[in-house]
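So you can see what is in the structure, the chains are spelled out below.
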There are 2 protein chains.
Amino acid sequence: MQYFSGSGWDLDPAEVNRAVESAFADHGYGLVQMPPKVYITLPGGDFRTMPAYLPSLKMAGVKVVNVHPENPQQGLPTVMALTIILDIATGRPVAVLNATRLTDIRTGSAGAVAAKYLAPKKTVTLGIAGTGRQAEAQVRATAAELEIEKILIWSRNPRHADRFVALMDRFDCTSVSLEKVCDADVIVTTTPSRTPIIRSEWVHEGTHINAIGADAPGKEELDPALLNRAQVFVDDMAQATHSGEVNVPIAQGIYRQEAIAGTLGEVVIGKKRRERPDRITLFDSTGLAIQDLAIAAIAMRQGTAIDLPFL
Amino acid sequence: MQYFSGSGWDLDPAEVNRAVESAFADHGYGLVQMPPKVYITLPGGDFRTMPAYLPSLKMAGVKVVNVHPENPQQGLPTVMALTIILDIATGRPVAVLNATRLTDIRTGSAGAVAAKYLAPKKTVTLGIAGTGRQAEAQVRATAAELEIEKILIWSRNPRHADRFVALMDRFDCTSVSLEKVCDADVIVTTTPSRTPIIRSEWVHEGTHINAIGADAPGKEELDPALLNRAQVFVDDMAQATHSGEVNVPIAQGIYRQEAIAGTLGEVVIGKKRRERPDRITLFDSTGLAIQDLAIAAIAMRQGTAIDLPFL
């Protein structure tokens, strides 16, 4: 058995995007096994267990990932993760991966794949709410798919916004108000908000929105009125209605599950598409275990491993 | 993060039995979080993901365990397992354990705890169907709870039975027919059978049966008529009805879920008990994630670890 502790930041974003895109295609064709995430509540947060089998890559395994919002106060990331990979022929554990950064990266890739298919144009202004690791991952991954002309960034904390602008020095990146973030072709929301922060009237027709932050029951970042204006695609129907951006509006009866246009997998395989140039499109990302398997395959090929005794 | 590769055979059976008994008590009181196992089907078998949180031990984590029946043909165990343990305060992964043998041992302990509370007497003849690792684990664990006067063992393969008799040289152990196995105070079934092998008319009133083998949909070892004669206790209602000894008879309408007397946890806390000395009692074991957390706590205290970089 091998242990991979590597960060993953050295992986080529375009290569990861292709692997994640291919996993979404398999999902669109119904060629994967992936039960919904299972949540366990802990005193200061929760953890999620995400098993899957992706036959096209001969990859099977489980990611275990926590969310503890108070962690940064003691110098730990909010989200940490391990992925276990099993040999599909024998079930033998072949690898354990530190999937903390890999989780950020594969989530960035899902946004990039959604933007590739749904953004209104190929050269875009990117508006981003939030300046954490996920905001960074979204930019890195999306820059491999679209020409980023400008980045408009907002953080609740102005110092975090300044830090992000400095980090993005290869881009034309400006710290703006949340309303101004919406003057973009592609809006990406990456906050842990539990109340809507993006107002519907701020968003222009034709915009594509990647709603990344909401990944647990009770979380939402967008004015529900936006959902009703938009063509909404989810990563997985069961997960999104349970814990994605649509979960609260559906629970409150403001939005109907039947209104969801389809899955990103269906978009990737050409079964679903953007209807009109002037329609808002929205990708509701909760994070799929098959994304974790896809990036694990790359990390295992390219990373440095520690050999561990198993049998 | 630490990796524990140890086998676990050096753990004290009585200590493990107490830890498992205590976990069942917590389960009986409703003090644990443990969603049902999630199954993924692979080409030559399956794997199960088992997350849980056991507040009394401050233990949270996930076991990932496969079942590949053809593995022994290539020198690999049918069942292999890893357990991941998370720090409950921060969600940080603190340990990965090779849980292959620990799985055998904690399953043995569940049988031992059931026999402690439900066996008709304290000095017993033990009848065992099957001679694999689980048969051995059941004897080791049960010997720490009851006086074992005699062991009657049956295997489909006479050489396996002879090997088992040799292994059990500290006991009065005899290889017998399957019918004769039932001339026991406690019967333990540990086979992977998908058709009933123990006939109801072979089993005397007052016997206690530990039904261990059935742990997936379609598996069964006992004549369904036995269920209707017996006071049936399960480890967990959702898991047992899905994948335990009762799963096939319930699916076929031969046994009713409502007839189940209760859980082992309820027996341990005194809420349920053997009704009459001359009634057959039956414990239907599917294996609980909280058993894995309980034994992991002991293995982490007593085992030797390899330190791994994580953050």
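Residues numbered from 1 in each chain as written. Chains lettered and ligands numbered in written order. Predicted model: local features only at pLDDT ≥ 70, side-chain atom pairs only at ≥ 80, totals over all residues. Heavy atoms only, no water.

Participant: Got a sec to walk through the interface of chain B and chain A? Specific residues and values, please.
Facilitator: Taken together, the 46 residues of chain B in the interface contact 46 residues of chain A. Across the interface of chain B and chain A, roughly 3700 Å² is buried in total on both sides, 77% from carbon and sulfur atoms. Per-residue buried area on chain B facing chain A is highest for B:L82, B:T90 and B:F310; these three make up 14% of the total on that side. Linking chain B with chain A are zero salt bridges, by the criterion used here. Run the count over chain B and chain A and you get 14 residue pairs in polar contact (both at pLDDT 80 or more). (Contact = heavy atoms within 4.5 Å. Buried area = accessible area lost by both parts, 1.4 Å probe. Salt bridge = Lys/Arg side-chain N within 4 Å of Asp/Glu carboxyl O. Polar contact = N/O pair within 3.5 Å; in protein donor to acceptor, adjacent residues only side chain to side chain.)

Participant: I'd like to hear about the sheet that holds strand β4 (residues 59-67) of chain A, residue by residue, with values.
Facilitator: Residue and element names in this part refer to chain A. Read across the open sheet, the seven strands follow the order β2-β3-β4-β5-β6-β1-β15; overall the sheet is mixed. Here the strands that pair on one side only, and so sit at the sheet edges, are β2 (38-42) and β15 (305-307). Taken pair by pair, the neighbouring strands of this sheet meet at an average axis angle of 20 degrees, ignoring direction. Strand contacts of helix α2 (residues 100-118): β3 (45-54), β4, β5 (81-86) and β6 (93-98), with the helix running at about 80 degrees to β6, the strand carrying the most contacts. (Pairing = 2+ DSSP bridges. Helix = DSSP H or I, 4+ residues; strand = E, 2+ residues; numbered from the N terminus. Axes fitted to C-alpha atoms, helices over the stretch in contact; angles between N-to-C directions.)

Participant: For the domain arrangement of chain A, give the residues involved together with the corresponding values.
Facilitator: Residues and elements named next belong to chain A. Domain parsing of chain A yields domain 1 (2-102 + 290-307) and domain 2 (108-287). Domain 1 and domain 2 are separated by 22 Å when their C-alpha centres are compared. Tallying the contact residues gives 26 residues for domain 1 and 29 residues for domain 2. Looking only at domain 1, the three residues that lose the most surface to domain 2 are W9, N17 and F24, adding up to 26% of its buried area. (Domains from an automatic or database assignment.)

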